[in-house]
Amino acid sequence: MKNQLSNIFIIILLASTLYSCNAVKRVPNNEHLLDKTSIIINEEKNNTEILNNLLYQRPNRRILGFPLRLHMYNLARPNIDSIFEAKIYNKPKKLAWKTKLLSKKQLDKDIQSRKGFNNWLKNTGEAPTIVDEERTKRSLKRLEDYYVNKGWFDVNANYDIENKDNKRASVTYNVKTGQAFLIDSITKTVKSPIVDSLYKKIQKNSLIKKGEQYNSNNIIQERDRISNELRNSGIYHFKQDYITFEMDTIGTNKNINIGITIQDRAIRTLDSLTRVPFKTYTISDVNIITDYTFENRNEPFQDSILYGGYKLYSYGKMRYRPKALTDAIFISPGKIFRDLDRTRTYRYLNELRTFKYPNIEITENPNNTLSDTIRLTPLKKFNFGFSADVSKSNIQTIGFSLNPSLQIRNIFKGAETLEISGITSIGASDDVKIKGDPFFDIIEYGADLKLTIPRIFSPFYTENIIPKYMSPSTRIGLATTSQTNIGLDKQTFSGNFSYNWYPNTKVTDRLDLFSVQYVNNLNPDNYFDVYSNAFSSLNEIAQDVNYIDSDATLSIPDETDAFLAYALTSNTPSEISSSQLSTINSINERKNRLTENNLILSSAFNFTQDNRKNLFDNNFSIFRFKLELAGNLLASTSKLLGLKKDSEGRYQLLNVAYSQYVKTEFEYTKHWDLGKKNVLATRAFFGIAIPYGNSNSIPFSKSFFAGGPNDNRAWSAYSLGPGSSETTNEFNEANLKIAISAEQRFNLFGDLNGALFVDAGNIWNVLDNVEVDGATLSGLDSLKDIAIGSGIGLRYDFSFFLFRFDVGFKTYDPSYQDKNRWFNDYNFANAVYNIGINYPF
């Protein structure tokens, strides 16, 4: 034991020495590597990212405490060209030997590749941060300015550079803020009477308040707020420059007096400047050019329409219904000028996906009015798309697919967009073929129609409920697919009618007013061929009870169905044990549920609140909520419609028992930006679907599953749960799900990022017809069956998408039931390797 400890100590000592030497390898003599920076605020250490970002110099970035990129840079040779010159090109004998061995062309190529690798090390690595006292002084000035801007006007700061003998140095910044200055009084001077009256109305919402600590950010934001409010109140010529703030701290005893001055409008000529009071401007007329191009700009208009005070012009025949365009324009004749109306007009016109980026030109008239000219350049009416794909999977040796699409804009002259897409694919199954069978025996085809109407399509007036500034739209969709030799050979038909709108920049609402889905299984007899694990379990029981010989196999579907009927008679055969009967019951229940046809008529509401400021924001939260109700309309009209019941007492429509359930989902995602390209991301999800009335189970397509690259990454998709049951089903699903994930994301170098993650969750059956032990949620005690996975990941950012590779390890596996559940399969052999595009949450 002592020898082992000695060896470990020697290895650590050698590694430390090697690390120490290598880190300063490229540090010149009489210079020092910046090894550590400390910021002391009022005698307390403060290493928050906000303050560290103020420093011009920071130590080389570390990954798990190790400066990887610095060592990569140190591996590169700074004078690679001169090295090759000295060692090869300036030595004729060596050069002749190498060219004889490799040839001159191969030698040059070899040297070039070595130079390229050397350059890659330099570019990917990070040069050592050499202590620069001038930059240290500038960093100190930044720290002082930061606290001055926060109201500590008497701040005092200094720095200390501690140079060490091993070419390393640390820098300590000491800051004493002193007492913060508070706002004592706020006075205003407004020159223009109309601006003064408007300012009095908005003054109550001021961001500068008496008694609060001074903050320069509040001054900047208050200037923005006043300017926006005035420009949205008809003051067309107003700019932020007209607002000035004066701060007085003389003799105020650590208080500050703020004076706000709003000047009159400045009119500049070549040799003079005149100030006049601001005036309120109104919109006199709005002109809409519906088919503008640069080429036809000087041509006379061929068509014009006056509609609702708007003037619409066209160089050719008018191709749009006036209301479709005027509904998208918030600038209204006769109303005061508002900057917000112009912004909303830009946004709404872009959302039509019918025009290129619009141009809005404002012309000032002598009578304090404005004329707006909106130039719209139409996109092409027809847009064709086509894609092809070659694939291979576990059910086919090779497959080919074609995906044509057509987009038609302004199809009904109301800026509507119709999208038509199709799919046709053929494949060769890996089943053993009989002579005469076609090579391509897998066929799938389908079509999808989507119509987008840029308004609420309804016989009722909805402007008071969903005003047009919320960018409402209506979407109508129809789709169908058909499969041959794929699973149960499904035919699906679906349709939906939904409304979408945006109450504000952070919230998205969607109401699926009506949605229908019909699934017709054309080949239910193929069930045990598809779900081979269920067949193996059933066949094994048949052998154990001597229903068939020990080396025999049940034929599909005749003998499998016969054995199920034999085992599930009212008088259970004596040779079948209770545990075997439970397994057979589970197999039969699942078979009936997955082979029966489904008819789902539902309505749903989706709410999303996304607090991201932009695509690069790493400090945000997202909340999603969904509520779906299915079958209630049919349930209330079943008797009225004269619907008949099936053998299980369920009402049928088109010979299919319709589904009835309520389903809800909650999801919350939160990201924290820890700085230095380091992000902590978390997600929590809860979902439940409860069957009732005409149903005792949830359709497969509406159930929850666990596992996979975007869920618990220690289990493959559909392989986790339900609960602690030891199921062998290929696709495990249930009607309740809990999932919680946390992920630490950090940059390795360049565009390569790493991650450490923990995923927890599971699925259970609840309030349905499943009664399998361990699969049902019986109470809080069932939460002990929450599975935990952990792992590591690599991500490469290609800018337009992110490639993700995660390795998940089963940390806590509830399928071990009464045995130890921790770290049983925590190794690479039993790990799950996930590939995904973009982040999982």
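Described in the following lines is the structure provided in the data block. The structure presented is a predicted model; accordingly, all values stated were derived computationally and were not measured.

### A word on the side chain of Arg804
Item 1. Looking at the secondary structure, you find Arg804 in strand β31 (residues 802–812).
Item 2. Judged by its relative accessible area of 1%, Arg804 is buried.
Item 3. Within the structure, the side chain of Arg804 is placed 2.8 Å from the backbone oxygen of Asn838, a separation counted as a polar contact.
Item 4. Each residue touching Arg804, except ones within four places of it in the same chain, is listed here: Pro709, Asn710, Arg713, Leu794, Arg795, Asn834, Ile835, Gly836, Ile837, Asn838, Tyr839 and Pro840.

### Some points on unusual backbone geometry
Peptide bonds are trans in most cases, and residues, glycine excluded, mostly fall at negative phi.
Item 1. In this structure, Pro557 follows Ile556 across a cis peptide bond, with omega equal to 5°.
Item 2. Its location among the elements puts Pro557 in the loop between α13 (532–544) and α14 (558–567).
Item 3. Residue Gly721 is joined to Pro722 through a cis peptide bond whose omega torsion reads -5°.
Item 4. With respect to the helices, strands and loops of the structure, Pro722 is situated in the loop between β27 (678–691) and β28 (736–749).
Item 5. Backbone geometry places Tyr718, a non-glycine residue, at a positive phi of 70°.

### Focus on the pattern of salt bridges
Item 1. The full count for this structure, using the stated rule, is 42 salt bridges.
Item 2. Here Arg590 makes a salt bridge to Glu733, at a shortest N to O gap of 3.1 Å. Separated by 143 residues along the polypeptide, Arg590 in helix α15 (residues 578–595) and Glu733 in the loop between β27 and β28 bring together distant segments of the chain. Comparing Arg590 with Glu733, the two get one shared label, buried.
Item 3. Close ionic contact of Glu596 with Arg650 constitutes a salt bridge, the shortest N to O distance being 3.4 Å. Of this pair, Glu596 sits in the loop between α15 and β22 (598–610) while Arg650 sits in the loop between α16 (632–641) and β24 (652–653), and the two are 54 residues apart along the sequence.

### Observations concerning the packing of helix α4 (residues 80–89) against helix α6 (residues 104–124)
Helix-helix packing is described using two parameters, namely the angle between the two axes and the distance between the axes.
Item 1. Packing of α4 against α6 brings their axes to within 11 Å, and their N-to-C directions diverge by 150°. Of the possible angle classes, the one that applies to α4 and α6 is roughly antiparallel. α4 and α6 meet at a crossing whose hand is right-handed. Side by side, α4 and α6 meet where Ile80, Asp81, Phe84, Ile88 and Tyr89 of the first sit next to Leu107, Asp108, Ile111, Arg114, Lys115 and Asn118 of the second.
Item 2. Residue classes in the contact of α4 with α6 are distributed as 6 nonpolar, 1 polar and 4 charged.

Criteria and thresholds
All residue numbers here refer to positions counted from 1 along the written sequence of the relevant chain. Given that the model is predicted, a residue must reach a pLDDT of at least 70 before its local features are reported, and side-chain atom pairs must reach 80 or more before they are shown or counted; all residues, however, enter totals for whole chains, interfaces and linings. To obtain the side-chain values, all non-hydrogen atoms of the structure were used and water was disregarded. Only runs of H or I of at least four residues qualify as helices and only runs of E of at least two qualify as strands under DSSP, and these elements are numbered from the N terminus. We call a residue buried when its accessible area falls under 20% of the maximum for its residue type, exposed when it is over 50%, and partly exposed in between, using a 1.4 Å probe and counting protein chains only. Pairs of N or O atoms within 3.5 Å make up the polar contacts considered here, provided that, within protein, one atom can donate a hydrogen while the other can accept it, and that residues adjacent in sequence are counted only when both atoms are side-chain atoms. Residues count as neighbours in contact if any of their non-hydrogen atoms are within 4.5 Å of one another. One side-chain nitrogen of Lys or Arg within 4 Å of one carboxyl oxygen of Asp or Glu is enough to make a salt bridge. All axes here are fitted lines through C-alpha atoms, helices being fitted over the stretch that makes contact, and every angle between N-to-C directions spans 0 to 180 degrees. Any angle from 65 to 115 degrees is called roughly perpendicular, while one under 35 is roughly parallel, one over 145 is roughly antiparallel, and all others are oblique. By definition, turning the near helix anticlockwise from the far helix through less than a right angle yields a left-handed crossing, and turning it clockwise yields a right-handed one. The classification used treats Ala, Val, Leu, Ile, Met, Phe, Trp, Tyr, Cys and Pro as nonpolar, Asp, Glu, Lys and Arg as charged, and all other residues, Gly among them, as polar.

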